[in-house]
Amino acid sequence: MTPKNIYIIDFDSTFTQVEALDELARISLKKHPDRELIYKKIEDYTNLAMEGKLSFGESLAQRVKLLEATEDHLKQLIKRLKKKVSSSFARNAEFFKQHADEILIVSGGFKEFITPVVSQYHIKKENIYANTFVTTGDGKIIDYDHANPLSEEGGKVKLMQQLNLEGDLYGIGDGYSDFQLRESGLIKKFYAFTENIARESIVEKADHVTPSFDEFLYVNNLPRAISYPKHRILCLVIGDVPAESIALLKKDGYSVRHKTTFEDKYVADVHMLLLPEGETIDKEKLKMASKLKTIGYLGNAKKLDLETCTRMGIVVFDDVKRNPRNLNFIPKRMMDFMNTGTTYMSMNFPNLQLPRIEKSHRLIHIHHNVPGIMAQINTIFAKHDINIVGQFLMTNATIGYAITDINAAYDKDVFKSLKKIEQTIKFRVLY
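Quick notes on the rules
- As a convention, each chain's residues are numbered from 1 in the sequence order in which they are written.
- The predicted nature of this model means local features are confined to residues of pLDDT at least 70 and side-chain atom pairs, given and counted, to a pLDDT of 80 or more, with totals for whole chains, interfaces and linings taken over all residues.
- Note that water and hydrogens are dropped before the side-chain values are worked out from all heavy atoms of the structure.
- Secondary structure is summarised from DSSP: a helix means a run of H or I of at least four residues, a strand means a run of E of at least two, and numbering begins at the N terminus for each.
- To sort residues, take the accessible area from a 1.4 Å probe on protein chains only and compare it with the maximum for the residue type: under 20% means buried, over 50% means exposed, and anything in between is partly exposed.
- Methods summary: accessible areas were calculated by the Shrake-Rupley approach with a probe of 1.4 Å, and residue burial reflects only the protein chains presented.
- For a helix, the expected span equals 1.5 Å multiplied by the residue count minus one.
- For this quantity, the arc is that covered by the directions from the helix axis to the C-beta atoms.
- Only the contacting stretch of a helix is used when fitting its axis, a line to C-alpha atoms as for every element, and angles between N-to-C directions run 0 to 180 degrees.
- With the far helix as reference, a near helix turned anticlockwise by less than a right angle produces a left-handed crossing, and one turned clockwise produces a right-handed crossing.
- In this description, contact between two residues means that some pair of their heavy atoms is separated by no more than 4.5 Å.
- Just so you know the grouping, Ala, Val, Leu, Ile, Met, Phe, Trp, Tyr, Cys and Pro go in nonpolar, Asp, Glu, Lys and Arg go in charged, and all remaining residues, Gly too, go in polar.
- Method remark: on a 1 Å grid restricted to protein atoms, a set of points is classed as a cavity if a 1.4 Å probe fits but cannot get out and as a pocket if it is open with protein on both sides within 12 Å along at least five of seven lines; lining residues have an atom within 4 Å of a point.
- Grid points are joined across faces, edges and corners, and a volume is the space filled by probe spheres set on the points.
- We define a salt bridge as a contact between a side-chain nitrogen of Lys or Arg and a carboxyl oxygen of Asp or Glu at a distance within 4 Å.
- Two strands make a pair as long as DSSP finds a minimum of two bridges between them.

Asks: What's the story with the overall build of the chain in this structure? I'm lost.
Replies: For the chain, the count of helices and strands is 19 helices and 17 strands. By its C-alpha atoms, the chain is 75 × 55 × 40 Å across when sized along the principal axes. Across the 431 residues that make up the chain, the buried fraction comes to 52%. If you sum the accessible surface of the chain, you get close to 20,100 Å²; carbon and sulfur atoms cover 48% of it.

Put into structure tokens, the structure is as follows:
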């Protein structure tokens, strides 16, 4: 019998983008004359504990003492935290729904603000383990329950020893208390979560560094909202490109490299390419860039070998008008294509605008425009009993661009069959 997998997830700076007690301090001390000094003290206590330089119990006690918080402040905090859920956790809400029995939130934070946030994602209340506050009759927070093992140094280890769970346990978090679970031998693997903060002392001890929850799901072959983690998508920016455009691509999660030239070492692995006006690409390099999916050109792309780009299934976007007031026009087009398959306003592909269809998988098939390809594609879907919820096909004189949305679990053999269709240029699963 296969052991049950259990996923132990941290809250602060993991499930959410922020440290909740730091945020609570900014709410409760908003009018305090020495607020900036106290904020800094609280943040320092947080970081010292997360890096293993101060016991968690001492850090927690000092932070709660400085808060001067009330239950009304907690209500404000909860509203703020609901907007600060880490992007990769938010987009994978369906995973939590499907695996509710296997998800545990284990945190040195407090149930009073954790439960309302994670419960939105189908995480069961009985699977939330955290500290609890002690309040006075008028709602002032004065202390916490010191009998809770999570309030102590090594609290997560003590809790998991008490729970004595059966199965393969995996830990996901950003701090020292998460690593302690691995060090104790209680969990099979520790994944250092770095979407919000990367603590070098923790990263170097991890079994795997996961820049997003998508990465964790990907390496464990678990169902996910996107088929391929964005940080694994290499976006190469060449030459004099506005910093604003580069920042936008980084914000969307791609692995961005800014170089003066298209270096040979990137040719085989580049997925996206952003070029300034006047830049060209050697034809032989272009032919070897087998993973390249889109080129953005900040100007008129006539200097590019468009025939080769089209033949290789590379979508090209350019900006003939070179509007200085819209620096992000081209990066946005590239991102739309990578995220939804939209080719609208490309200069070499059939123009197709695509809405994202929830709870479905989107498959992209680029092929030479010859008769009978769609019939072959749909024959393969029928053979594998796949239900099609949406299908789009646009062609030009050279290529056909087919998008198929399916809503059922699929057999990986479908992909092999689609790739084997004669005249196929590129195939990929978008999400």
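Asks: Just to check I follow, could you spell out helix H3 (residues 35-50) for this structure?
Replies: At 3.6 residues per turn, the α-helix brings residues three or four places apart onto the same side. Taking 1.5 Å of rise per residue, the 16 residues of H3 would be expected to cover 22 Å, and the 22 Å separating its terminal C-alpha atoms lies within 8% of that figure. Those residues of H3 that sit buried are Ile 38, Tyr 39, Ile 42, Thr 46, Ala 49 and Met 50. The buried residues of H3 occupy an angular sector of 110° when the element is viewed end-on, so they sit on one face. Set apart from the buried face of H3 by more than 90 degrees, the exposed residues are Glu 36 and Leu 37.

Asks: Teacher, can you tell me more about the packing of helix H5 (residues 71-82) against helix H8 (residues 111-118) here?
Replies: Packed helices, taken two at a time, are described by their axes: the angle between them and the distance between them. Where H5 contacts H8, the axes come no closer than 9 Å and their chain directions differ by 35°. Crossing angle aside, the handedness with which H5 passes H8 is right-handed. Touching Leu 74, Leu 77, Ile 78, Leu 81 and Lys 82 of H5 are Glu 112, Phe 113, Pro 116 and Val 117, all from H8. Of the residues belonging to the contact of H5 with H8, the class tally is seven nonpolar, no polar and two charged.

Asks: Which parts of the structure should I look at to understand empty space enclosed by the protein?
Replies: A water-sized probe, rolled over the atoms, reveals where empty space remains. The final tally for this structure, using the stated rule, is four cavities of 30 Å³ or more. When its volume is computed, the largest cavity comes out at roughly 200 Å³. Around the largest cavity sit 20 residues that line it, and Met 50, Phe 56, Ser 107, Gly 108 and Gly 109 are the ones nearest its centre. Listing elements by their share of the lining of the largest cavity, those giving two or more residues are helix H2 (20-28), helix H4 (56-67), strand S2 (103-110), helix H9 (155-163) and helix H10 (176-183). Per-element tally for the lining of the largest cavity: the top contributor is S2, with three residues. Of the residues belonging to the lining of the largest cavity, the class tally is six nonpolar, seven polar and seven charged. In this structure, the second largest cavity spans a volume of roughly 50 Å³. Lining of the second largest cavity is provided by Ala 49, Met 50, Leu 54, Phe 56, Glu 153, Tyr 176, Ser 177 and Gln 180. Sort the elements by how many residues they give to the lining of the second largest cavity and H10 lands first, with three residues.

Asks: Which parts of the structure should I look at to understand the pattern of salt bridges?
Replies: Oppositely charged side chains can pair when the atoms bearing their charge come close. Applying the stated criterion to the full structure yields 24 salt bridges. Where Arg 199 meets Glu 19, a salt bridge forms, and the shortest distance between an N and an O atom there is 3.6 Å. Of this pair, Arg 199 sits in the loop between strand S7 (189-193) and helix H11 (200-203) while Glu 19 sits in the loop between helix H1 (11-15) and H2, and the two are 180 residues apart along the sequence. Judged by relative accessible area, Glu 19 falls into the buried class, the value being 11%. In this structure, the salt-bridge partner of Asp 44 is Lys 40, at a minimum N-O distance of 2.9 Å. Pair noted here: Asp 44 and Lys 40 are both in helix H3, with a separation of four residues, about one helical turn.

Asks: Would you mind going over the sheet that holds strand S8 (residues 208-210) with me for this structure?
Replies: The strand order S3-S2-S1-S6-S7-S8 describes an open sheet built from six strands, whose pairing is parallel. In this open sheet, the two strands that pair with only one neighbour each are strand S3 (128-131) and S8. Between one strand axis and the next, the sheet turns by 20° as a mean value, whatever way the strands run. Sheet topology note: the S2/S3 ladder contains three bridges and is parallel. Across the sheet, Phe 110 pairs through a bridge with Asn 131, a residue of S3. H4 contacts S2 and S3 of the sheet and is inclined by roughly 60° relative to S2.

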